[in-house]
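Structure at a glance
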Amino acid sequence: MMSRSPSRCRLNLAVLVAIALISALSQRASAGGGPENVFLVVNERSWASLMIAHHFAELRQIPPINTLYLDWPYSTDLVDVNVFREKLLLPTISILQQRGIAPQIDYIVYSSDFPWSIDFQRLLGEKKPPSPAAPIGSLTSLTFFAGNIATGEAHFLNRNGNHYTRPQKAGVPSHGFRGWYGFDKDGNLLEGSGDTYLLSAMLGVTSNEGMGPDEVVNYLRRSAAADGTKPTGTIYYCKTGDQYRSGSREPLFAAAVAELKKLDVRAEIINGKLPVGKKDVAGLLTGIRNFDWPGAQSTIVPGAFCENFTSYGAIFSRNLNDGQQLLTDFLRAGAAGSSGTVYEPTVVVEKFPSAFAQVHYARGCTLAEAFYQSLTCPYQTLLVGDPLCRPWANIPTITVEGVEEGDTLKGKVAIQAKGNSAGKPLDRYEVFIEGTQVTRCAADGNLQLDSTKFPDGWCELRVVGIEAGPIETQGRVIFPVRFNNHGREIDFACSAQDTAHWKTPITLTANAPGAAKIVIYEGMRILGTINSDHGEVEVTPEKLGLGPVVFRARAQFSEDPKDAVLARPIKMSIAPTAPLPPRALRNGTKLAEGLQFKAENGPVKLVQQTDDKKWLEDTKVKDNEPFLLKAIFEVPKDGVYQFEVKHLATLGITVDGKSLYEEKQKDPVWNYVPVVLSKGLHLFELKGIGGQPAGLEIRFGGSGVMNLDGKQFRHPAAGK
């Protein structure tokens, strides 16, 4: 068999991705900056990723068709560019094409448990990046530069690689973003040519030194509630005395403050690492290796973008980040978004948001628009938070005549949309059915909807109004309607009401007389298919994650997609089981550091940490020899915690005698194992079999997920 050269394989893949990307972005769609323009990518292996995505989709009204559930078994810290391109970027763009929504997508947003950094050396071949650059980029920025990644080009390495960036000076207007916009090398907006981009962000980081899913949901709630509120707080620019981290951005402070004051937004330049004792932090720019936010006793108001210039703000591994402040510290304190670099950026100020990021934000741009307009070389910078947050936006108000919530519609329907933004008429209106744009009109608001083009049944109708200014801020009304052109009916019900618990199966039943089959969905995930006109599907809620979910049913009468009927969706919340109670130690028992390791034919040994991927090999366990790893660990509060494991052969995990995981793996991939625990002590046991390579990676946590450490995982001291 003739072998294929790696370079030829890379070229073929690049061409495929480029074709998909160019096709997706070259079709003009005049909408952006709203939920219909966001494509949400979820790691369906991870309950944390699912939970965060469920809440974000509800808070931001993301249509189900705009969500991709992707099986991501790879690393959540660093992956090779070919893995990123083949397993994440290309599948995402391909799904956009298949679903017919590529023209309306401006953002690709990742939930948690995806890699925050990408090694793109393979993209360069034998070349090295120009000094002082390094071949490590962030997930969000390499998604922003998807066109370059697709074609194998590396223009993003240039200090002016981002042509969407606005000139960082007074008087230059901000500009909203659309995926079909093209820009020349001078940043001029073109239509039908130029460099195109995709705004991108991670909603949260929950692995390694990240956050708990509940903490991520907390700041997503705060940010969604901040939209259009015009915060009365102050944006602070900090002169920290650090020559490079602070001094490199200080020349723009005064001009940015002056622009903000023109917008009636308070801004202040202060000396020090942080604002101290301030209860009105509406935005923050600083630059320092470390700071103590709780010690500053200041309060971040909802919607704030807060960031720090330091080398390792987005390296969420204690072995690699040199103890520098992480961007998550601002998010944990309530910021809507923050950013940091995933590799040593050197003193390249273009890799960090300029002082004018806060100006773009205060003019009404979304957080993602403000961020990407403010730095010309973002390839190593990771954006985390709510990309749609827009506290200072003048959000249009919309009213609709000709159709009301719950109406039954037949044939062609005339809709009259009316709206304004800050008292000014809107530029245009668009109609979406089930998340897909179907028609639009100019400022007169006269819309025509042909209901015969859609299946019978319940559909979500969205009317979006867009302001006339360069930022193109959106407003919308959303409500269900029922199409009935063919008289088809479907009944859809769930055995649980309002809430389902992880370990309690639920049954979804459907009946559509005359249908050939009925498909049951959660979002866009198929839960089961009924190959007749009635039946039921049993669902294990644990597979759905946590938080709000929406079940849907579609009955198909023939191969024609329109020859169908859609059931009214069922909304429900998925809740965890009751927590395992804490264990009590015998009187006088003391715990010593370390996990006890016992191979079947060997003595008890102590393991102090599992940071080294060879730690199991170092125990000298033999091939095919059973072993037991055992310890007592403590958790600080009631909640859902998680083990992450990557292994070969058979592995089993129990906590307090309850089996959580038992799998035989042929390939070393990451698996996510949640457990609900009460505050206090718990018994951990892991049973496995030695093999070659004797690899076992395991992590545990709630607020972040770390390698096992002998200080948290302990054993009864000798003689006790």
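Cut-offs used in this document
- Residues numbered from 1 in each chain as written.
- Predicted model: local features only at pLDDT ≥ 70, side-chain atom pairs only at ≥ 80, totals over all residues.
- Heavy atoms only, no water.
- Helix = DSSP H or I, 4+ residues; strand = E, 2+ residues; numbered from the N terminus.
- Rg over C-alpha atoms; globule rule 2.2 N^0.38 Å.
- Buried < 20%, exposed > 50% of the residue type's maximum accessible area, 1.4 Å probe, protein only.
- Contact = heavy atoms within 4.5 Å.
- Areas by Shrake-Rupley, 256 points an atom, 1.4 Å probe, with all protein chains shown as cover.
- Lys, Arg positive; Asp, Glu negative; His and termini not counted.
- Charge placed at Lys NZ, Arg CZ, Asp CG, Glu CD.
- Phe/Tyr/Trp six-rings, centres within 6.5 Å; stacked < 30°, edge-to-face > 60°.
- Lys NZ or Arg CZ within 6 Å of the ring centre and 35° of its normal.
- Disulfide = S-S within 2.5 Å.
- Pairing = 2+ DSSP bridges.
- Axes fitted to C-alpha atoms, helices over the stretch in contact; angles between N-to-C directions.
- Parallel < 35°, antiparallel > 145°, perpendicular 65-115°, else oblique.
- Left-handed = near helix turned anticlockwise from the far one by under 90°.
- Nonpolar A, V, L, I, M, F, W, Y, C, P; charged D, E, K, R; others polar.

To continue, consider the overall build of the protein chain. Helix and strand counts for the protein chain come out as 13 helices and 45 strands. Relative to the globule expectation of 27 Å for 720 residues, the C-alpha radius of gyration of the protein chain, 27 Å, shows essentially globular dimensions. In terms of principal-axis extent, the alpha carbons of the protein chain reach across some 85 × 70 × 65 Å. Considering the protein chain as a whole, with its 720 residues, one finds that 58% of them fall into the buried category. Across the protein chain, contacts joining residues at least 24 apart in sequence account for 72% of those joining residues at least 6 apart. Looking at the protein chain as shown, the accessible area adds up to about 28700 Å², and 50% of this sits on carbon and sulfur atoms. When the 76 positive and 76 negative side-chain charges of the protein chain are each reduced to one mean point, those points stand 3 Å apart.

Right, let's get into the packing of aromatic side chains. Across all of its chains, the model carries 35 aromatic pairs by this definition. Looking at Arg-525, its charged tip hangs above the ring of Tyr-69, at a distance of 4.3 Å from the centre. Lying over the aromatic face of Tyr-521, Arg-552 brings its terminal NZ or CZ to 5.3 Å of the ring centre.

Let's shift gears to the state of the cysteines. This model, assessed by the stated rule, comprises zero disulfides. Free cysteine Cys-365: the closest other cysteine sulfur is in Cys-389, separated by 12 Å. Classification of Cys-365 by relative accessible area gives buried; the value is 0%.

A few words now on the sheet that holds strand β27 (residues 506-511). Reading across the sheet, the three strands line up as β25-β27-β30 and stay open at both edges, with antiparallel pairing between neighbours. A strand with exactly one partner marks an edge of an open sheet, and here the two such strands are β25 (491-494) and β30 (534-539). When strand polarity is set aside, the average angle formed by the axes of neighbouring strands in this sheet is 15°. With four bridges joining them, β25 and β27 adopt antiparallel strand pairing. Each residue of the ladder has a partner; that of Phe-492, found in β27, is Ala-510.

Looking now at the pairing of strand β14 (residues 337-341). Of all five residues making up β14, five are buried, and the element is well covered by its neighbours. Bridge count for β14 against strand β15 (residues 381-385) is five bridges, and the pairing is antiparallel. Bridge pairing in β15 places Thr-341 opposite Thr-381.

The next thing to look at is the packing of helix α2 (residues 47-60) against helix α7 (residues 213-226). Following both chains from N to C, one finds α2 and α7 inclined at 10°, their axes separated by 10 Å at the closest point. Considering their axes alone, α2 and α7 lie roughly parallel with respect to each other. Crossing geometry of α2 relative to α7 is assigned as right-handed. Residues Trp-47, Ala-48, Met-51, Ile-52, His-55, Phe-56, Leu-59 and Arg-60 of α2 touch α7, and the partners they reach there are Pro-213, Asp-214, Val-216, Val-217, Leu-220, Arg-221, Ser-223 and Ala-224. When its residues are assigned to classes, the contact of α2 with α7 shows 11 nonpolar, two polar and three charged.

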